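Survey of secondary and tertiary structure
Here is how the chains run, residue by residue.
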Amino acid sequence: MISNKQNILDEQIIENGLTEDVIRLISEKRKEPEFLLEFRLKAYKAWKKMKSPKWEKTKFSEINYDDITYYSAADLEKDEVKLNTFGEFGIPLEELKRQEKVATDAIWDSSSVWTTYKNDLDNLGIIFCSFSEGIQKYPEKIKKYLGKVVPIGDNYFSTLNSAVFTDGSFCYVPKNVDCPLLLQTYFRMYEEKVGQFERTLIVVEDNSYIQYSEGCSAPRYSNNQFHAAVVEIIALDNASVEYATLQNWYIGSKWGQGGIYNFVTKRGLCAGINSKIRWVQVETGSAITWKYPSCILVGENSIGEFYSVSLARFFQQADTGSKMFHIGKNTRSRIISKGISAGQSKNSYRGSVMISKKASGSRNYSECDSLFYSVETDPKSTNNILKNNKSIPNANTFPYICVQNSTSIVEHEASTSYMTDEQIFYFQQRGIPTDVALRLIVSRFGEEVYDNMHREFGTESDFLINWKLQGKEQ
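It should be emphasised that the depicted structure is a prediction, and the values quoted were computed from it without experimental measurement. (Residues numbered from 1 in each chain as written. Predicted model: local features only at pLDDT ≥ 70, side-chain atom pairs only at ≥ 80, totals over all residues. Heavy atoms only, no water.)

**Thoughts on the overall build of the chain**
Counted only if it meets this: A helix here means a DSSP run of H or I that spans at least four residues, while a strand means a run of E at least two residues long, and both kinds are numbered starting from the N terminus. Burial classification: accessible surface area is computed with a 1.4 Å probe over protein chains only, and a residue below 20% of its type maximum counts as buried, one above 50% as exposed, and the rest as partly exposed. By definition in these notes, contact holds between two residues if any of their heavy atoms fall within 4.5 Å. Every accessible area reported is derived by Shrake-Rupley at a probe size of 1.4 Å, with residue values counting cover from the shown protein chains alone.
When helices and strands are counted, the chain shows 13 helices and 23 strands. In the chain, which comprises 474 residues, the proportion classed as buried is 59%. Taking the intrachain contacts of the chain between residues at least 6 apart in sequence as the baseline, contacts between residues at least 24 apart amount to 83%. Summed over its atoms, the accessible surface of the chain is roughly 20,000 Å², and 48% of this surface lies on carbon and sulfur atoms.

Rendered as structure tokens:
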């Protein structure tokens, strides 16, 4: 006779609500070692004592965490038809599998469904697999590095993730390896009330290099879906990591209904000398985006970089930016943030640069630019954005700078611009149609960010930004 507990373990979905029993069930269903269950329970107890953060320029309805399903496993036979539309934005499942020189880990709701090019990577000594597989095959490595960059209690959403994360990707690159493949994780959120809580852990040892990218999408629902992820990167001596994101969640309707609540913690540790971490992201989706990819620069001469284009339209709210913590000597960081605002959206840059007393000879350069795009208001008059207060989008910059020694240099600049009738007229006089002119302006605005992405990713990002600005839905 099968017990009730066994029935629950055999189910593809664990019912709504978050309790200690649910966390134990998730851990048992995934056959996790004891240390990981202890990690989860410790995080859950810490999260229960915390309060959800609030932001001055970002408003959203209170989240009912008991109305979220925390585990939903993919049934490959039942979901075969759905999986064939894994990437609704032109990236079907079979195409993802066929991509040359791109190793992909595909995640469906709470579980990884397959990983490509595993044998090729194994021959190089590179571990690239789902987090579930990593726990089973490499528990000591997971135990050594999990939570070392984003510890339990770091913030409200990362702590929740630590308690309930289900799947994600694990990548370990040994010494002296220049990975010839682009490593990619593709997230698909399908079930309406299932929260996605993926966890990504990347460790790159001495003298090694990887390019890593992630893409994501979700169907359209009238209710909000919830996504809270954590990414941890550790780069040792002379190691280099490039991490690119193309975020294409559903933004909600033109009237602000539905869309993804996207709360993500991404942080990299440049632990070794001459180590380097570069974050590149293009944000086009989700009703709410809260994300600040950051670098902790501990190793001498280490480098942290952040390049971002954030698009907000209709009633989207984006609160994004980067944090750079300089601890080692002669460290360098660079922040390039481009925000495009349209409709009645709110697009905020929130950044932090901190240079410690020991970080002598360090330097930071930050640039955050905003562009008002007004075609949704009145295609015949781009100046209308300044005439109709109801249609003016909102752009804000909140930089925080702390320098604790006199040998370091910090530079910060910001600009705000909007499209004008004169700009469009300039193009028209040269025989360039209005729609092409608008695309050229937007593409030029984000060019520096696209240039720092993998070539195919950069081209896709540029196309996606313009596609969305033309009023296209996901």
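**Digging into the packing of helix H2 (residues 20-29) against helix H3 (residues 34-48)**
Note the following rule: Interaxial angles span 0 to 180 degrees and are taken between N-to-C directions of axes, which are lines fitted to C-alpha atoms, for helices over the stretch in contact. With respect to orientation, any angle under 35 degrees is reported as roughly parallel, any angle over 145 as roughly antiparallel, any angle of 65 to 115 as roughly perpendicular, and every other angle as oblique. Helix crossings are classified by the rotation of the near helix relative to the far one: an anticlockwise turn of less than a right angle makes the crossing left-handed, while a clockwise turn makes it right-handed. As a working rule, the residues Ala, Val, Leu, Ile, Met, Phe, Trp, Tyr, Cys and Pro are called nonpolar, Asp, Glu, Lys and Arg charged, and the rest polar, with Gly in that last group.
Two elements in contact, H2 and H3, have axes separated by 10 Å at closest approach and are oriented at 155°. Compared by their axis directions, H2 and H3 come out roughly antiparallel. Crossing of H2 over H3 shows right-handed handedness. Across the interface between the two elements, Glu20, Ile23, Arg24, Ile26 and Ser27 of H2 pack against Leu37, Arg40, Leu41, Tyr44 and Lys45 of H3. Residues belonging to the contact of H2 with H3 are distributed by class as follows: five nonpolar, one polar and four charged.

**Here's the deal with the pattern of salt bridges**
Definition in use: Throughout this description, the term salt bridge denotes a Lys or Arg side-chain nitrogen within 4 Å of a carboxyl oxygen of Asp or Glu.
Under the defined criterion, the tally for this structure stands at 18 salt bridges. Residues Arg278 and Glu305 are paired through a salt bridge, measuring 2.7 Å at the closest nitrogen-oxygen approach. In this pair, Arg278 is assigned in strand E13 (residues 276-283) and Glu305 in strand E16 (residues 303-312), connecting sequence segments 27 residues apart. Across this residue pair, the class does not change: Arg278 and Glu305 are buried.

**A word on the confidence of the model for the chain**
We apply this condition: Values of pLDDT, the confidence the predictor places in each residue, fall between 0 and 100.
Put simply, the chain has an average pLDDT of 83, and 81% of its residues get 70 or more. Confidence drops under a pLDDT of 50 for residues 76-83, and excluding neighbours within four residues, the segment shows ten contacts in the predicted structure. Within the model, the stretch residues 376-390 combines pLDDT values under 50 with 30 contacts to residues more than four positions away or in other chains.

**Digging into the nonpolar core**
Worth spelling out the cut-off: Side-chain atoms within 4.5 Å are what join buried Ala, Val, Leu, Ile, Met, Phe, Trp, Tyr and Cys residues into a set we call a nonpolar core.
Membership of the largest hydrophobic core comes to 33 residues, with the highest contact counts inside it found for Leu183 and Ile210. Other than its neighbours up to four places away in sequence, Ile210 contacts Cys171, Val173, Cys179, Leu183, Ile202, Val204, Ser240, Val241 and Glu242. Judged by nonpolar contacts, the second largest core, of 29 residues, contains Val22, Ile26, Ala228 and Phe263.

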